[in-house]
Amino acid sequence: MTPRTIRADDLVDSIADALQFMSYYHPADFVQSLKRAYESETHGPARNALLQILINSKLCAAAHRPVCQDTGVVHVFFRMGMDVRIHDESTDITPSLQALANRAVARAYRCKENPLRASIVLDPLGARTNTRDNTPAVVHIEMIEGNTIGMIVAAKGGGGDVKARYTMLNPSDSVADWVVSQLPNMGAGWCPPGVLGIGVGGSPEQAMLMAKRALFSPIDMHVLQAAGPQNPLDALRLDIFERINALGIGAQGLGGNTTVLDIKIEHAASHAALLPVAIIPNCAATRFVRFELDGSGVAQLVPPPLSLWDDIPDALPGLGGRSVDLDTLTPGEVATWRAGDTLLLSGTLLTARDAAHKRLADLLERRQPLPVDLRGRAIYYVGPVDPIEGEAVGPAGPTTSTRMDKFMPALLEQTGLLVTIGKAERGPTAIEAIRRAGAAYLMAVGGAAYLISKAVRSARVVAFEDLGMEAIYEFTVENMPVVVAVDSDGRSVHKTFFATVSDI
Ligand SMILES: O=C(O)C[C@H](O)C(=O)O
């Protein structure tokens, strides 16, 4: 094979371009699959959630702004030909693929026209300091025969990886039974409906990697359904797909017909004693691009036609929700809200997510004053994207609420906090704390971050600025649509649909 030289700049530019591209364009097959799910959905709340995700997708494609506030952890899967040489004109030393991927990530995430959110923290056991440019990337390298570099570039949201599961089955056990059994306890923080990646066989760590990589291929379940299974792998995909959707978890866990859009399986040879199985879901922020570099320049990325979104409205039709003034909230008013009610929030709210909650809890434990007064207020669990000109804030959808559950008893009892707003179900600890305090938990649609940000009129950091996107902001919102997910009597819209909701 004739050896080829590929310019380091072409590699970096291609990855950086791909990251920008996928931040605002959903893959066309994903949009089509979501549309099929929306058309066939009969349960009202799930239908509404699907519509919000589709409108969000349309607005992002037109505005070139991210489909989710969680703009992801960058994964690059390199398939590097043994006859490729990488040449960096700026230095005599050829940088590592990790260094080149990091260069691309830093550039793409700090792009002035479309800044993306920096979500990576260093030192996970210690200070957990945000790296501010979303580096480092997660890099996987396979050396293969050839003189090209194949790449999958993906920006994987945290909500799906939080729900990754792994087990070692006995070789005679049923893979489908185990996979299906995991779904109810995974809750809805991964923003269903989405694709489920499954890795079967190999060694334990290979199974996890296969489950992740399996996610990055086109959705074709409708083709398989129409043609029928041609081999045991097809049959397994179809069986798992049908059984998971029959659970009725639905969009955002609100109940409904579609929980998974497709099942993707990778498998590998393994020891006769082993049957390792891993699952990883992908959320509504499905973002990946595949391309190959052959030395002739940067990858050419073809945008989906905007006509893909023609049949989707530009804005939510009037929801007819009840208007709520966040600046005059009282326990008496909160007590009148019922699980399932739609509310339109106006006024000011505070934001706080994982790191800010930890700091607030530490201050409470040490009996020190908090930097914000929470009495009678609402906290929105969000880490927003930075704004560009003309925006109060960038995309600002909810993060998974269960991670904040353990903080709820102390916060509600000791601060007078009345309302929390986030994504998906709450676990028993939080629900009991909400009931005891006569508080409420409201739910916004995960995966509709840009649409939700349109309701934010102003935003300013009021505490913990060093935490970056995890700082406490004060948002002024106007008609922000939410659903009462846990009311002051402890009734939960999600419990209706889950057999068990674990306290994660
Ligand atoms: O980090 C976020 O903003 C959301 C996260 O991906 C989650 O779904 O919990």
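A quick note: this is a predicted structure, and the numbers were derived from the prediction, not measured. (Residues numbered from 1 in each chain as written. Predicted model: local features only at pLDDT ≥ 70, side-chain atom pairs only at ≥ 80, totals over all residues.)

## What to know about the site of the ligand
The cut-off we apply is this: To decide nearness, the C-beta atom of each residue is placed from the backbone, and the residue is near a molecule or strand if that atom lies within 6 Å of it. Here the term charged refers only to Asp, Glu, Lys and Arg, the term nonpolar to Ala, Val, Leu, Ile, Met, Phe, Trp, Tyr, Cys and Pro, and the term polar to all other amino acids, Gly among them. An automatic or database domain assignment is the source of the domain bounds shown.
With respect to spatial proximity, the complete set of residues near the ligand consists of Gln69, Asp70, Gly157, Gly158, Gly159, Gly189, Gly383, Thr399, Thr400 and Gly446. When its residues are assigned to classes, the shell around the ligand shows no nonpolar, nine polar and one charged. Three or more residues apiece are contributed to the shell around the ligand by two domains, here domain 2 (158-284) and domain 3 (322-486).

## Quick word on the domain arrangement of the protein
Heads up, the rule is: Residues are scored as being in contact if the C-beta atoms we place from backbone atoms lie within 7 Å. Under the scheme used here, helices are H or I runs from DSSP no shorter than 4 residues and strands are E runs no shorter than 2 residues, and both carry numbers assigned from the N terminus.
According to the domain assignment, the protein contains domain 1 (1-156 + 286-317), domain 2 (158-284) and domain 3 (322-486). Taken over C-alpha atoms, the centre of domain 1 sits 22 Å from the centre of domain 2. Contacts between domain 1 and domain 2 engage 24 residues on the former and 24 residues on the latter. The element best represented in the side of domain 1 that touches domain 2 is helix α2 (residues 28-40), accounting for six residues. The residue inventory of the side of domain 1 that touches domain 2, partitioned by class, reads 12 nonpolar, seven polar and five charged.

## Digging into the pairing of strand β11 (residues 275-281)
The cut-off we apply is this: Whether a residue is buried, exposed or partly exposed is read from the other C-beta atoms within 10 Å of its own C-beta, which are placed from the backbone; 20 or more gives buried, 12 or fewer gives exposed, and intermediate counts give partly exposed. Paired strands are those between which DSSP finds at least two bridges.
Of all seven residues making up β11, seven are buried, and the element is well covered by its neighbours. The two faces of β11 match: Leu275, Val277, Ile279 and Pro281 on one face and Pro276, Ala278 and Ile280 on the other face are all buried. The sheet contact formed by strand β8 (residues 165-169) and β11 spans five bridges and is antiparallel. Across the sheet, the residue bridging to Met168 is Pro276, located in β11. Note: strand β9 (residues 194-201) against β11, five bridges, orientation antiparallel. The residue bridging Ile198 from the neighbouring strand is Ile279, located in β11.

## Thoughts on the sheet that holds strand β2 (residues 73-81)
Which entries qualify depends on this criterion: In this analysis an axis means a line fitted to C-alpha atoms, helices contributing only their contacting stretch, and an angle means the value between N-to-C directions, from 0 to 180 degrees.
Within the open sheet, the four strands sit side by side as β6-β2-β7-β12. Their pairing is mixed. In this open sheet, the two edge strands, each paired with only one partner strand, are β6 (138-144) and β12 (288-293). Neighbour to neighbour, the strand axes of the sheet diverge by 15° on average, direction disregarded. Here six bridges tie strand β7 (residues 149-156) to β12, and the two strands are oriented antiparallel to one another. Its bridge partner being in β12, Ile152 is matched across the sheet by Arg290.

## A closer look at unusual backbone geometry
Across the junction of Thr135 and Pro136, the peptide omega takes the value 0°, indicating a cis bond. Here the bond from Pro192 into Pro193 is cis, since omega is 5°, no more than 30 degrees from zero. Note on placement: Pro193 falls in the loop between α6 (175-186) and β9. A positive phi angle, close to 50°, is found at Arg128, a residue other than glycine. By secondary structure assignment, the location of Arg128 is in the loop between β4 (121-122) and β5 (129-130).

## A look at the packing of helix α1 (residues 8-24) against helix α4 (residues 97-109)
A packed helix pair is summarised by two numbers, namely the angle formed by the two axes and the spacing between the axes. So the rule is basically this: Between 65 and 115 degrees an angle is taken as roughly perpendicular, under 35 as roughly parallel, over 145 as roughly antiparallel, and anywhere else as oblique. Take the far helix as the reference: if the near one is turned anticlockwise from it by less than a right angle, the crossing is left-handed, and if turned clockwise, right-handed.
Across the interface, α1 lies against α4 with an axial gap of 8 Å and an inter-helix angle of 45°. Looking at the two axes, α1 sits oblique to α4. In this structure, α1 crosses over α4, and the sense of that crossing is right-handed. Contact residues: α1 offers Ala8, Leu11, Val12, Ile15, Ala16, Leu19 and Gln20, while α4 offers Leu100, Ala101, Arg103, Ala104, Val105, Arg107 and Ala108.

## Focus on the packing of helix α12 (residues 408-415) against helix α13 (residues 428-437)
Two numbers describe how α12 lies on α13: the axes approach to 8 Å, and their chain directions differ by 15°. Between α12 and α13, the angle is such that the two are roughly parallel. Our pair here, α12 against α13, has a crossing hand that is right-handed. Residues Met408, Pro409, Leu412 and Glu413 of α12 form the contact with α13, whose own contacting residues are Thr429, Ala430, Ala433, Ile434 and Ala437. The residue makeup of the contact of α12 with α13, split by class, is seven nonpolar, one polar and one charged.

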